[in-house]
There are 2 protein chains.
Amino acid sequence: MPKREGTTIAGKRDPKTRVKPTLDEIAERANTSRSTVSRAFSRPDLLNPKTVAQILAIAEEIGYRPNNMARALSTGRTGNIGLLVPDIANPFFPPLIKAIQSQADALGLCLFLGSSGESGARENTLFERLAGQTDGIILASTRLSEAQVKIHAARHPITLINRDMAGLPRVLIDTQAAVMEAVGFLAENGHRHIAYLSGPKESWSNQQRMEAATEACRRTDMRLSIIPLSEPSFEGGEAAAEEAVAAGVTAILAFDDLTAQGAHARLSALGIDVPRDISLIGCDDALPAMTYPALSTLSGLSQEAGRHALKLLCDAIEHRDGSQDMKVVLGARFILRDTAGPAPAGDAKDRDRS
Amino acid sequence: MPKREGTTIAGKRDPKTRVKPTLDEIAERANTSRSTVSRAFSRPDLLNPKTVAQILAIAEEIGYRPNNMARALSTGRTGNIGLLVPDIANPFFPPLIKAIQSQADALGLCLFLGSSGESGARENTLFERLAGQTDGIILASTRLSEAQVKIHAARHPITLINRDMAGLPRVLIDTQAAVMEAVGFLAENGHRHIAYLSGPKESWSNQQRMEAATEACRRTDMRLSIIPLSEPSFEGGEAAAEEAVAAGVTAILAFDDLTAQGAHARLSALGIDVPRDISLIGCDDALPAMTYPALSTLSGLSQEAGRHALKLLCDAIEHRDGSQDMKVVLGARFILRDTAGPAPAGDAKDRDRS
DNA sequence: TTGAAAGCGTTACCAC
DNA sequence: GTGGTAACGCTTTCAA
């Protein structure tokens, strides 16, 4: 390793100025030791106030910035956390990321972001890379297998969002009650046959919703067509909408808002009016805040989820041993807006006939 | 610093297994030196292939992961890059972030994300924090003052997105031609008075658009009402739309898609039909891919911008000295969709009268 | 082709 | 209250 005193980039006025001031630099100027300077930052209470003041002044003067890497190497704490999401472009995630980011900020933590493109393999690589530079990682609705999550969890603190694995801290947005409400609303409004556009099979959220929809339809004696989405995207929603129409439903419950919007677009293209001809309900409440017309949906709570997740993660990082089976469940609700209403008259007749 | 051999978390089978295997660990097992093991990873070509193979095997067996922090401390390279955006929830950014993320991924770089909540002060703090753990930072349309950017740039490689500062590598999405196209379209379709919903004053993009709109209206002899947005959000768009209506325009050009959607919502709430009564044009093409009805807009190119930005940043990191004034300009275009069309008949009469 | 050893910038233990 | 010093895990020069 070469000496790299007074490297290329020139100092300001002081000829002695190095590129990056260090603790030793300050120690020298303050005529004190490295340890004392270090303490001036980490535990000033242990020091003579005058010493602290002097050190801080010098630090300020020469523009000292503590080196996180060195600190991390020594303490084993990085002050960073990681967040892995399947697709940052999916509107469900930005609010969640934002919530986590701003809370991390408040805690003085920096955020590593990984967007895996819905690929489990990529997620593994990303996890591996992030694990080395973070104190813990939040896994949001990822495509990782249970086994893989467990392996990772054994090495590194983890918090899960929308995935229910016993033994790991997790926060779940429970949409089952909301799905029931929504289906109940449709039943009361004369609908007899509805579709559920089903998302990724591995998705806990999707399993929950499908299960609730099935149960709710059973109770209300409605017919349910489950239509799998080719992918949880706008385009996926478009294609699925067509199938729903072919199936003859009068209402569509979509896996999420994005697919609901795709469905809306396709329905309109087919000359089908929402909600006059077909009612449409999304999920997550991610898009309605930025789109018109206002989509009926199930409330999202992604921000609350983010906040809780970070909190759980921090707890997990603190006492890595006492892994009490922490689990936070947030209950979503049905939000009626402009895209859902009574079944069309023709269908009401169907009901009379039957 | 205490010895922390065989810490809490138990090894698998080998009683000697520490929590985190290190180079020395491998060296010991392979009966070789730390240096050799290090080289087996960084410069295997310098070593006897057999030695390399043996080392790699052992590494694999005990699950060795190089410690990024230590490596960074020694080399001065972190392998991380930072990205600062004003608001990740603004739909312009996710695609951009995604593009940068996936390319960073391909290059083996990890991404630090900072979302500043549109606050310059916060951005400074974030920058400071990220600078210590990244090799370079991409600043996307931030609210930092020129002076501050310069200060930061002097210490740390930077690339700018949508900000035109000479001397720094930057990528710009030029929407002026697109604005001209859009205004031209409106002029040809009988509009005589339009509004521009103006975004943040410090925003380069906003300045560009406003300037182009002004010039285009001058040329086509149209009246232009500039309406400042209280904030570049859905709500901001709603409020501004009301002012636009009061001003009596027949078309609205919005700062971005999000504000356009807000405007759309308010117009509809007021019983004003888009595009029959008022034409509406957004900018960035961020939302149309996930909303219905399809918004007319100016193409976004945020993904291309992201790709170029990362490329420029990497260049800047390589040869930190030869700061050739790199500047990439991407030209946006007007995209006509469902929300813009001819001026209402009544207005056409206005024109006849004048 | 390999090894020894000197850093990188901190922290934290131990002694004064 | 303060200072010396050994880590933290890795890279890289220099010598063998």
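All figures in this text were calculated on a predicted structure; none of them were measured in a lab. (Residues numbered from 1 in each chain as written. Chains lettered and ligands numbered in written order. Predicted model: local features only at pLDDT ≥ 70, side-chain atom pairs only at ≥ 80, totals over all residues. Heavy atoms only, no water.)

A separate point is helix α6 (residues 120-131) of chain B. In a regular helix each residue adds 1.5 Å, so 12 residues correspond to 16 Å; α6(B) covers 16 Å between its end C-alpha atoms and thus fits that length. Listing the buried residues of α6(B) in full gives E123(B), N124(B), L126(B), F127(B), L130(B) and A131(B). (Helix = DSSP H or I, 4+ residues; strand = E, 2+ residues; numbered from the N terminus. Expected span 1.5 Å × (residues − 1). Buried < 20%, exposed > 50% of the residue type's maximum accessible area, 1.4 Å probe, protein only.)

Turning our attention to unusual backbone geometry. Residues and elements named next belong to chain A. Cis peptide bonds are those with omega within 30 degrees of zero, and the linkage from V274 to P275 qualifies with 10°. Notably, N162 is not glycine yet its phi reads approximately 55°, a positive angle. Examined against the element boundaries, N162 turns out to sit in the loop between β4 (158-161) and β5 (170-174). By relative accessible area, N162 is classed as buried at 6%.

Residues and elements named next belong to chain B. For helix α12 (residues 302-318), built from 17 residues, the straight-helix expectation of 24 Å at 1.5 Å per residue is met to within 8% by its first-to-last C-alpha distance of 24 Å. Listed as buried for α12 are S302, A305, G306, A309, L310, L312, L313 and I317. An end-on view of α12 places all buried positions within 165° of arc, on one side of the element. In α12, the exposed residues that point more than 90 degrees away from the buried face are K311 and E318. (Arc of directions from axis to C-beta.)

The local shell around DNA strand D holds 29 residues, among which T32(A), T36(A), L23(B), S38(B) and Y64(B) are the closest. Atoms of DNA strand D within 4 Å of the protein belong to the sugar or the phosphate in 62% of instances, the rest to bases. Within the contact set of DNA strand D, a phosphate oxygen lies 3.2 Å away from a backbone nitrogen or oxygen of N67(B). Contact between DNA strand D and S74(B): a sugar or linking oxygen at 2.7 Å from a side-chain N or O atom of the residue. Counting only elements with at least two residues in the surface near DNA strand D, the list comes to α2 (34-42) and α4 (68-75) of chain A together with α2 (34-42) and α4 (68-75) of chain B. (Near = heavy atom within 4 Å. Polar contact = N/O pair within 3.5 Å; in protein donor to acceptor, adjacent residues only side chain to side chain.)

A separate point is the protein's contact with DNA strand C. The full set close to DNA strand C counts 26 residues, and S38(A), S74(A), T32(B), T36(B) and T51(B) are the nearest of them. Sugar and phosphate atoms constitute 62% of the interface atoms of DNA strand C, taking the interface as everything within 4 Å of the protein. S33(B) is positioned with one of its backbone polar atoms (N or O) 3.1 Å from a phosphate oxygen of DNA strand C. Secondary structure elements with two or more residues in the surface near DNA strand C: α2 and α4 of chain A together with α2 and α4 of chain B. Considering only residue class, the surface near DNA strand C consists of 7 nonpolar, 13 polar and 6 charged. (Nonpolar A, V, L, I, M, F, W, Y, C, P; charged D, E, K, R; others polar.)

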